[in-house]
Amino acid sequence: MTQQNGRSATDDLTVGILRVDPTRRLAYCNAAARALLGPVSGRPAFVVDFGPAGSRIDELVERAQQDRSPVVEREMELPSGLVDLVLSPEPTADGDCGILVEIISLRWHASAWAERQAASLQAALQQMLRGLAHELKNPLGGLRGAAQLLKRRVSDPELEDFCRVIVREADRLAELVDRYAVEADMQRVPVNVHAAMERVYQLVSGNDEVTVLRDYDPSIPEIDANLDGLIQAVLNLVNNAVEAGAGRIVLKTRIRRRGPEIAMDPAPFVALEVLDDGPGVDPALGTSILYPMVTGHASGSGLGLTVVQAIAARHGGRLDFDSRPGKTAFTIYLPLEPSHG
């Protein structure tokens, strides 16, 4: 097994790898396998040291050794979720047989596929928004200019009011276009993420219909970010929760890893979370709630979460959510890259 700087090449895989010798002792266990199988006290000497899941794997190892043929176990339940197992015999020179066990996380593969889809969608979305901005700004400017000229030529106060309405609404639409067409060159500087969370807290804490709480990790260092972008992203999530009928919202910050797939990318993330006690995302919408123009609110534009995704992507992060009635969490993951001045 190739070693690089004291590490095995399989330490960087997202597939869990166990190598069991002919005496059924555990000869090797990579980082992904430890993450998928769960913690043990001390260094595991046998697969069974991982508890009930380990005992089941040990049974499969025994079968593969006896039959000298591959064994496949589909959708085995582990503490980390469902996995597929592939056990392959490894005959030794003296006629014995060790076993190579591959543990494939179904959640990770689903997550990886979803992430690829999200990246593709985000690129298409960004192109669409820029095209939309280009197409709308010129006619909006013409509409606004025409209304201003018309206002100068009419003497009827009521018609003047109508012209003012046209100008005001044209300005509002232009502002919406600017807000949703998030530019690729979003400038980033050293930022304390709690400055963004506190700004959102100040904006929404005066709402008598909802209780807003804070749960911050003060140890989070500054990261390179765009403060206005973070404020807009978190505010969109909070506004969505309010519109959904939440009575309690928690603004939370943590340093997190995103699951067993950390074996490939062990770097931690700063998580900006908005938790609420509302009815949750409609199961009929599912992950499509993240698509543009899809909304669970009759008065929604369907662009709020799209903007959050775009801002997260501009920071090298992403948006995830977990929702059920009474407990919904939208999380913006940002790379933890502490600024150094």
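Conventions used here
Numbering of residues starts from 1 in each chain and follows the order in which that chain's sequence is written. Totals for whole chains, interfaces and linings use every residue, but because this is a predicted model, local features are given only for residues with pLDDT of at least 70 and side-chain atom pairs only at 80 or more, for both listing and counting. Neither water nor hydrogens contribute to the side-chain values; these are computed over all heavy atoms in the structure. The helix and strand labels rest on DSSP assignments: H or I over at least four residues marks a helix, E over at least two residues marks a strand, and numbering proceeds from the N terminus. Each residue is assigned to one of three classes by its accessible area relative to the maximum for its type, calculated with a 1.4 Å probe on protein chains only: buried under 20%, partly exposed between the two thresholds, exposed over 50%. We call two residues in contact whenever any of their non-hydrogen atoms come within 4.5 Å of each other. For the accessible areas, the method is Shrake-Rupley and the probe is 1.4 Å, while residue cover comes only from the protein chains on display. Being paired, for any two strands, means DSSP has found at least two bridges between them. In protein, a polar contact means a hydrogen-donor-capable atom and an acceptor-capable atom, both N or O and within 3.5 Å, with residues adjacent in sequence counting only if both atoms are side-chain atoms; elsewhere, any N or O pair within 3.5 Å suffices. Only the stretch in contact is used when a helix axis is fitted, and all axes are lines through C-alpha atoms; the angle between N-to-C directions ranges over 0 to 180 degrees. Each helix should span, by expectation, one fewer than its residue count multiplied by 1.5 Å. Along the arc lie the directions from the helix axis toward the C-beta atoms. Definitions used throughout: a 1 Å grid over protein atoms alone; a cavity as a set of points that fits a 1.4 Å probe which cannot get out; a pocket as an open set with protein on both sides within 12 Å along at least five of seven lines; a lining residue as one with an atom within 4 Å of a point. Grid points are joined across faces, edges and corners, and a volume is the space filled by probe spheres set on the points. Under the grouping applied here, Gly and all other residues not named as nonpolar or charged are polar, the nonpolar ones being Ala, Val, Leu, Ile, Met, Phe, Trp, Tyr, Cys and Pro and the charged ones Asp, Glu, Lys and Arg.

Draft legend 1. Structural detail: the overall build of the protein chain. Check the secondary structure of the protein chain and you find seven helices and 14 strands. Counting every position in the protein chain, which comprises 341 residues, the buried fraction comes to 40%. Here the contacts in the protein chain between residues at least 6 apart in sequence split such that 61% fall between residues at least 24 apart. If you sum the accessible surface of the protein chain, you get close to 18300 Å²; carbon and sulfur atoms cover 51% of it.

Draft legend 2. Structural context of the pairing of strand β13 (residues 318-324). As defined by bridge partners, β13 adjoins strand β14 (residues 327-335) across seven bridges and the pair is classed as antiparallel. Note on β14: the bridge partner recorded for Asp 320 is Thr 331.

Draft legend 3. Layout of the side chain of Glu 273. Considering the arrangement of structural elements, one finds Glu 273 in strand β12 (residues 269-276). Here the side chain of Glu 273 touches Arg 256 through a polar contact of 2.8 Å, side chain to side chain. In contact with Glu 273, other than residues within four places in its own chain, are Met 197, Val 250, Leu 251, Lys 252, Arg 254, Arg 256, Phe 330 and Thr 331.

Draft legend 4. View of the sheet that holds β13. Judged by pairing direction, the sheet is mixed, and its five strands sit side by side in the order β9-β11-β12-β14-β13 without closing on themselves. Each edge of the open sheet is held by one strand with a lone partner, namely β9 (211-215) and β13. On average, each strand axis in the sheet is tilted by 15° relative to the strand beside it, whichever way the strands run. Across five bridges, β9 lies against strand β11 (residues 248-256) in parallel orientation. Bridge pairing links Asp 215 to Lys 252 in β11. Sitting on the sheet, helix α5 (residues 193-204) is in contact with β9, β11 and β12, with an inclination near 180° to β11. Sheet strands in contact with helix α6 (residues 227-243) are β11, β12, β13 and β14, and its direction is about 25° off that of β12.

Draft legend 5. View of the pairing of strand β4 (residues 26-29). Sheet topology places strand β3 (residues 16-20) next to β4; three bridges connect them, and they run antiparallel. Along β4, the bridge assignment pairs Val 20 with Leu 26. What sits between the antiparallel neighbours β3 and β4 is a turn of five residues, in which Arg 24 has the positive phi angle 70°.

Draft legend 6. The arrangement of helix α2 (residues 52-67) in detail. The end-to-end C-alpha distance of α2, which contains 16 residues, comes to 23 Å, matching closely the 22 Å that a straight helix rising 1.5 Å per residue would cover. Among all positions of α2, only Ala 53, Gly 54, Ile 57, Asp 58, Leu 60, Val 61, Ala 64 and Gln 65 are buried. For α2, the angular spread of buried residues about the axis comes to 165°, placing them on one side. The exposed residues of α2 that point more than 90 degrees off its buried face are Pro 52 and Gln 66. Looking at the buried positions of α2, the neighbouring elements they touch are β3, α1 (31-37), β5 (71-78), β6 (81-91) and β7 (97-105). Looking one or two residues past α2, Arg 68 carries a phi angle of roughly 50°, positive in sign.

Draft legend 7. Focus on empty space enclosed by the protein. Here the structure, examined in full by the defined rule, presents one cavity of 30 Å³ or more. Within this model, the largest cavity holds a volume of roughly 30 Å³. Together, Arg 188, Ile 223, Asp 224, His 315, Leu 334, Pro 335 and Glu 337 line the largest cavity. Partitioned by chemical class, the residues of the lining of the largest cavity number three nonpolar, one polar and three charged.

Draft legend 8. Molecular detail of the sheet that holds β7. If you trace the five strands from one edge of the open sheet to the other, you get β4-β3-β7-β6-β5, paired in antiparallel fashion. Edge strands, defined here as strands with exactly one partner in the open sheet, are β4 and β5. Averaged over all pairs of adjacent strands, the angle between their axes in this sheet comes to 20°, without regard to strand direction. Across the sheet, α2 touches β3, β5, β6 and β7, and the angle it forms with β5 is around 175°.

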